[in-house]
Every structure is written in C-alpha cells, then in structure tokens.
Amino acid sequence: DMDINLQSKLLRFIQTGSFLKVGGGKTEKVDVRFICATNRDPLKAVEAGEFREDLYYRLHVIPIYMPPLRERGNDVLEIARAFLAAYASEEGRRFRAFTSEAEARLLAYNWPGNVRQLQNILRNIVVLNDGEVVGGDMLPPPLRGDGAAAPAATPMSESVDTVPQAADTDGMAAAEQAAPPPVRPLWQIEKDTIEAAIRHCGGNIPRAAALLEVSPSTIYRKRQAWAQAAGEPADADLKSPAEI
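Residues numbered from 1 in each chain as written. Predicted model: local features only at pLDDT ≥ 70, side-chain atom pairs only at ≥ 80, totals over all residues. Heavy atoms only, no water.

Caption draft 1: Layout of the overall build of the protein chain. Scanning the protein chain from terminus to terminus reveals twelve helices and four strands. Buried residues in the protein chain amount to 25% of all 244 residues. Counting only contacts in the protein chain whose residues sit at least 6 apart along the sequence, the fraction spanning at least 24 positions is 55%. With an accessible surface of roughly 17,200 Å², the protein chain has 54% of that area assigned to carbon and sulfur atoms. (Helix = DSSP H or I, 4+ residues; strand = E, 2+ residues; numbered from the N terminus. Buried < 20%, exposed > 50% of the residue type's maximum accessible area, 1.4 Å probe, protein only. Contact = heavy atoms within 4.5 Å. Areas by Shrake-Rupley, 256 points an atom, 1.4 Å probe, with all protein chains shown as cover.)

And the structure:
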C-alpha cells in the first residue's frame, strides 16, 4: 500500500542499512530486521504495477503463511475460551465454558472477519448475557442461524381426498395466525436496535456503539435525524460531544 516512490527509498535503505535524518548532514548506519505483513497478494500487486518487484524479492526471505481462522481447526475454541475468560473477568460475569452446541457452531462458522470478529462476538455474548455456560441461543445471528423453518408441504392426496373440510378451515386459520409479520422499514429496525442497545447500556452511547460495532458519532447523527424527521426540536442530548 506504500507509494511507489517511497518503496524505492525503502528498498535503498534495506540494501544499504543506512539513512539520513531529516535536516541532518550525517549518514547513519543501523542494523535492523524487517517483519512485514499484508492481507493482499503481493505478486498480484507486482503484476498490477503497484508494488516494486525488486522490493518484493528483497523482503521475501522467510515467508510465513498465516492461515485464516476457518482453517485453524480447534484453534477457534481455544481462542474463544481465552476471550470468554478475559471478558467474563472484565465484565463481572460467571461464564467459564461453552455448551457442545455452541462449540459446534463456532467450529462450523467460516469467520470472514477472522480473530477480530471472534473477539467482538465473545464481547457481545458476555455483555448481553449472564450465566456459567454459553449456549447456542446466546450466539448472535451470524452463528445462531435461527429462523423458522418452512412448514412441510401437505401431500396433494391428503389435502384433497382424506382431510375433511372442517380440518381445512382450521388449517387456514392456523396459517393466517402463523403468517409472517409485515416487512418493517429498515430504518425502523435500525432505530429499534440502536435504542435497545442504549437502554441496555444505561444510556451510555459510546458503550452501546462499541457493542453495535459503529462509531458513537453515527448513533448521535442518526438519533438527531430521527428527531428532526419526527418534528421534534434538536435536543442537546442528541448531539455528539464534538457538536455541543
């Protein structure tokens, strides 16, 4: 990601081990070791002209491949247990283990956000729940994967030939009662979620923002917009500290 001109200067420094301080007149010699990390494919960057090939081969001495979390097997559970113990201690919770169901779901998930995502999910679980064991019902939606299963279709022969009309009527009434609720506007769902998080945190917006993985200014801005849309006066409580 470094500018191509800076890459040439870095290459020169690696090769010579010397540099000139800004404003200085004496070249200094140093003995340093470089450890570089990237989540991009450097060879593709070389092909695209974004990364110097000579710098790539100068740095590519002892490559170490760090597999994503989904490829690390039971490491997921070991890391999750460590986070659980640390966060339970910080938050004054009693958690000490996972149920077999929760462990199975942790192992089955593909973790696109790697360890940082696992860390955030464990913090969410500990803050929003309490108990000694983390169950599958405490996992957030990406891992819980819950949702009502679609009812099995009734065989045609049964619905036409063998089921009495009275039973059909009862089935229609039950189907109407089980009908999914109407789709709510996205902003309303977002508003309810944010307000619920703020209530959970006792009105502490920065803490609620941390749980929702957004910045506090986002919450302040959205609440102010909702108040204006409802025709309410702009309250100082709806403004971020930078705006007050």
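Anyway, onward from the coordinates.
Caption draft 2: Spotlight on the pattern of salt bridges. Tallied over the entire structure, the rule returns 15 salt bridges. In this structure, Lys 21 engages Glu 28 in a salt bridge whose closest nitrogen and oxygen atoms are separated by 3.5 Å. A relative accessible area of 28% places Glu 28 in the partly exposed class. When salt bridges that share partners are traced, they join Glu 90, Glu 91, Arg 123 and Arg 207 into one network. (Salt bridge = Lys/Arg side-chain N within 4 Å of Asp/Glu carboxyl O.)

Caption draft 3: Geometry of the packing of helix H10 (residues 186-200) against helix H12 (residues 216-229). Two elements in contact, H10 and H12, have axes whose closest approach is 11 Å; the angle formed by their N-to-C orientations is 120°. As far as their axial angle goes, H12 and H10 are oblique. For H10 against H12, the interelement crossing comes out left-handed. Across the interface between the two elements, Trp 187, Glu 190, Lys 191, Ile 194, Glu 195 and Ile 198 from H10 touch Ile 219, Lys 222, Arg 223 and Trp 226 from H12. (Axes fitted to C-alpha atoms, helices over the stretch in contact; angles between N-to-C directions. Parallel < 35°, antiparallel > 145°, perpendicular 65-115°, else oblique. Left-handed = near helix turned anticlockwise from the far one by under 90°.)

Caption draft 4: Quick peek at the nonpolar core. Core analysis: the biggest nonpolar cluster contains 24 residues, and Phe 98, Leu 106, Trp 111, Leu 118, Leu 122 and Val 134 have the highest contact counts within it. If you list the elements that add at least two residues to this core, you get helix H4 (75-91), helix H5 (100-108) and helix H6 (114-128). Take this core: its biggest share by element is eight residues, from H4. For Val 134, the residues in contact, after removing those within four places along its chain, are Leu 84, Phe 95, Ala 97, Phe 98, Thr 99, Ala 102, Ile 125 and Leu 139. By size, the runner-up hydrophobic cluster in this structure holds twelve residues, among which are Ile 198, Ile 205, Ile 219 and Trp 226. (Core = buried A, V, L, I, M, F, W, Y, C linked by side-chain atoms within 4.5 Å.)

Caption draft 5: Broad picture of the side chain of Ser 18. In this fold, Ser 18 is placed in strand S1 (residues 18-20). Those residues in contact with Ser 18, other than ones at most four positions away along the chain, are Phe 13, Thr 27, Glu 28 and Lys 29.

Caption draft 6: Structural detail: H6. In this model, H6 (15 residues) spans 22 Å end to end at C-alpha, consistent with the 21 Å of a helix rising 1.5 Å per residue. Burial in H6 covers these residues: Gln 117, Leu 118, Ile 121, Leu 122, Asn 124, Ile 125, Val 126 and Val 127. (Expected span 1.5 Å × (residues − 1).)

Caption draft 7: View of helix H1 (residues 4-16). Taking 1.5 Å as the rise per residue, H1 with 13 residues should run 18 Å; its terminal C-alpha atoms sit 19 Å apart, in good agreement. For H1, the set of buried residues is Gln 7, Leu 11 and Ile 14. Seen end-on, H1 carries its buried residues on one side only, within an arc spanning 65°. In this structure, H1 carries Asn 5 and Lys 9 as exposed residues pointing more than 90 degrees from its buried face. Of the surrounding elements, those touching the buried residues of H1 are helix H3 (53-59). Sitting at the amino-terminal end of H1 is Asp 3, which places a side-chain oxygen 2.9 Å from the backbone nitrogen of Asn 5. Gly 17 sits one or two residues past H1 and shows a positive phi near 65°. (Arc of directions from axis to C-beta. Polar contact = N/O pair within 3.5 Å; in protein donor to acceptor, adjacent residues only side chain to side chain.)

Caption draft 8: A look at the environment of Pro 63. Counting through the fold element by element, Pro 63 comes out in the loop between H3 and H4. Pro 63 sits 27 residues away from Cys 36 along the chain, and the two C-alpha atoms are 9.5 Å apart.

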